[in-house]
Amino acid sequence: MRRFVLGLFCALLVAGPVAAVLPEEQLTDPALEARAREISQELRCVVCQNQSIDDSDAPLAADLRAIVRERLTAGDTNEEVMAYIVARYGNFVLLKPPLDVQTILLWSAPLLVLIPGGLGLALYLRRRNRTGAADPTPLSAEERSALAGILKVDDAS
Amino acid sequence: MRRLAFIVPILLFLMVAAALGLGLRRDPSILPSMLIDRPIPTFDLPGLTPEDTVGLASTDFTGKPVLLNVFASWCVACVIEHPMLLRLQAQGVTIHGLDWKDEPSAGAEWLAQRGNPYTLIGSDPNGRTGIDFGVTGAPETFVIDGHGRVRYRHVGPITPEVWTETLQPMMDRLERET
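Since the structure is predicted, the reported quantities are computational estimates derived from the model, not experimental observations. (Residues numbered from 1 in each chain as written. Chains lettered and ligands numbered in written order. Predicted model: local features only at pLDDT ≥ 70, side-chain atom pairs only at ≥ 80, totals over all residues.)

Draft legend 1. Representation of the pairing of strand E6 (residues 140-144) of chain B within the structure. All names here are of chain B. The buried fraction of E6 amounts to 5 of the 5 residues, a majority that puts the element mostly inside the structure. The two faces of E6 match: Glu 140, Phe 142 and Ile 144 on one face and Thr 141 and Val 143 on the other face are all buried. Summarising the sheet, strand E3 (residues 66-71) and E6 pair through 5 bridges and their orientation is antiparallel. If you follow Val 66 over to E6, its bridge partner there is Ile 144. (Buried ≥ 20, exposed ≤ 12 C-beta atoms within 10 Å, placed from the backbone. Helix = DSSP H or I, 4+ residues; strand = E, 2+ residues; numbered from the N terminus. Pairing = 2+ DSSP bridges.)

Put into structure tokens, the structure is as follows:
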């Protein structure tokens, strides 16, 4: 029983996400199909919004997958296919939003946090070093013998 | 300096909290339409049954402002919305229907049972026209002006509040424009 549970657990560990693309949806040309998969993974399903259309079982996602494959077969480039979908559903469908006026805050957020945070940290460390670097007063003879006593007690136990 | 180091993080926190708080009040399932103030996509759809000689085409949207309602026989919320559409039709509002991703005969039967609030109906079984409109689900309603341009998109059923507060004032304004 334990081995079974362990085996099941290991199987779950290696199980990856399964795409929702059905065999009959796929293109016969493997190169085109690979591009279709690549594009589908970049496009958000507008019904279940945190899945790509490649992952989603929603009927609308299947329609969009079919459209992606149709456009590719018609000779569109990857960018043209993306633009076709974006023209209908907006930049929201791109799981990786483009850098533009609306998203500049989003893309610059890491810098906005890291730069002031880094500066603050640098200032703090410099100040601490300056005050802390001043030579500490050396231990007096009394303190040294007290310390030796403590350490000895610790060793004995 | 000391006091500043105290106040600035608190101010920053309050700003971020306010921004996130406002974000919580938005419904993330409602996406902005790409078509606002743009002409409707070109389409020419057949009716629901073979006997229907007229369907719905993009050229039908000229003259006066109309509503385009996306519905389907599989759509649960459409059942809730339907009496409201019938009431609007009785008030003289022109509503065109788009039977989206639906078996045309199922759509026809659905309307036969509940009454038909639509002036013209287009059947869109593979959903392509809906996708050209950026439809994410049914029901959805577009306000289209007399020049065939999309002016507003409402996601979900038209409730009496949605009609009196949003759609009716907009239709009245567009009516005066034309």
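Draft legend 2. How the structure looks around the sheet that holds strand E7 (residues 150-155) of chain B. Residues and elements named next belong to chain B. Strands sit in the order E5-E4-E3-E6-E7 across an open sheet of 5 strands; the sheet is mixed. Where the open sheet ends on each side, the last strands, each with one partner, are strand E5 (121-124) and E7. The mean inter-strand angle of the sheet, taken between neighbouring strand axes irrespective of direction, is 20°. Direction of pairing for E6 relative to E7: antiparallel, over a ladder of 5 bridges. The partner of Val 143 across the bridge, within E7, is Tyr 152. Against the sheet, helix H5 (residues 160-177) engages E6 and E7, with an angle of about 165° to E7. (Axes fitted to C-alpha atoms, helices over the stretch in contact; angles between N-to-C directions. Contact = placed C-beta atoms within 7 Å.)

Draft legend 3. The environment of Ile 144 of chain B, seen in detail. Residues and elements named next belong to chain B. Among the secondary structure elements, Ile 144 is positioned in strand E6. For Ile 144, a count of 26 C-beta atoms within 10 Å translates into the label buried. For the pair formed by Ile 144 and Leu 174, sequence separation is 30 residues and the distance between their alpha carbons is 9.0 Å.

Draft legend 4. Local environment of the packing of helix H3 (residues 59-73) of chain A against helix H4 (residues 78-89) of chain A. Residues and elements named next belong to chain A. For the pair H3 and H4, the least separation of the axes is 9 Å and the interaxial angle reads 140°. In terms of their interaxial angle, H3 and H4 are classed as oblique. As H3 packs across H4, the resulting crossing turns out to be right-handed. Two secondary-structure elements touch here, H3 through Leu 64, Val 68, Arg 71 and Leu 72 and H4 through Glu 80, Val 81, Tyr 84 and Ile 85. Of the residues belonging to the contact of H3 with H4, the class tally is 6 nonpolar, no polar and 2 charged. (Parallel < 35°, antiparallel > 145°, perpendicular 65-115°, else oblique. Left-handed = near helix turned anticlockwise from the far one by under 90°. Nonpolar A, V, L, I, M, F, W, Y, C, P; charged D, E, K, R; others polar.)

Draft legend 5. The arrangement of the packing of helix H2 (residues 30-42) of chain A against H3 of chain A in detail. Residue and element names in this part refer to chain A. Their axes nearest at 10 Å, the elements H2 and H3 cross at an angle of 135°. Relative to H3, H2 is oriented oblique. At the point where H2 passes H3, the crossing takes the right-handed sense. Judged by residue contacts, Leu 32, Arg 35, Ala 36, Ile 39 and Ser 40 of H2 engage Arg 65, Val 68, Arg 69, Leu 72 and Thr 73 from H3. Looking at the contact of H2 with H3, its residues break down into 5 nonpolar, 2 polar and 3 charged.

Draft legend 6. Main features of H3 of chain A. Residue and element names in this part refer to chain A. Between its first and last C-alpha, H3 extends 21 Å over 15 residues, near the 21 Å set by a 1.5 Å rise per residue. Buried within H3 are the following residues: Leu 60, Ala 61, Leu 64, Arg 65, Val 68, Arg 69, Arg 71 and Leu 72. Of the surrounding elements, those touching the buried residues of H3 are H2 and H4. Of the residues trailing H3, Gly 75 is marked for its positive phi of about 100°. (Expected span 1.5 Å × (residues − 1).)

Draft legend 7. Region of the structure containing helix H3 (residues 104-114) of chain B. All names here are of chain B. Along H3, the positions that sit buried rather than exposed are Pro 104, Gly 107, Ala 108 and Trp 110. Seen along its axis, H3 keeps its buried residues to an arc of 160°; they face one direction. Along H3, exposed side chains directed more than 90 degrees from the buried face belong to Ala 112 and Gln 113. Check the buried side of H3 and you find it contacts strand E4 (95-100) and E5. (Arc of directions from axis to C-beta.)

Interpretation note: all reported values are geometric properties and have no functional meaning in isolation.
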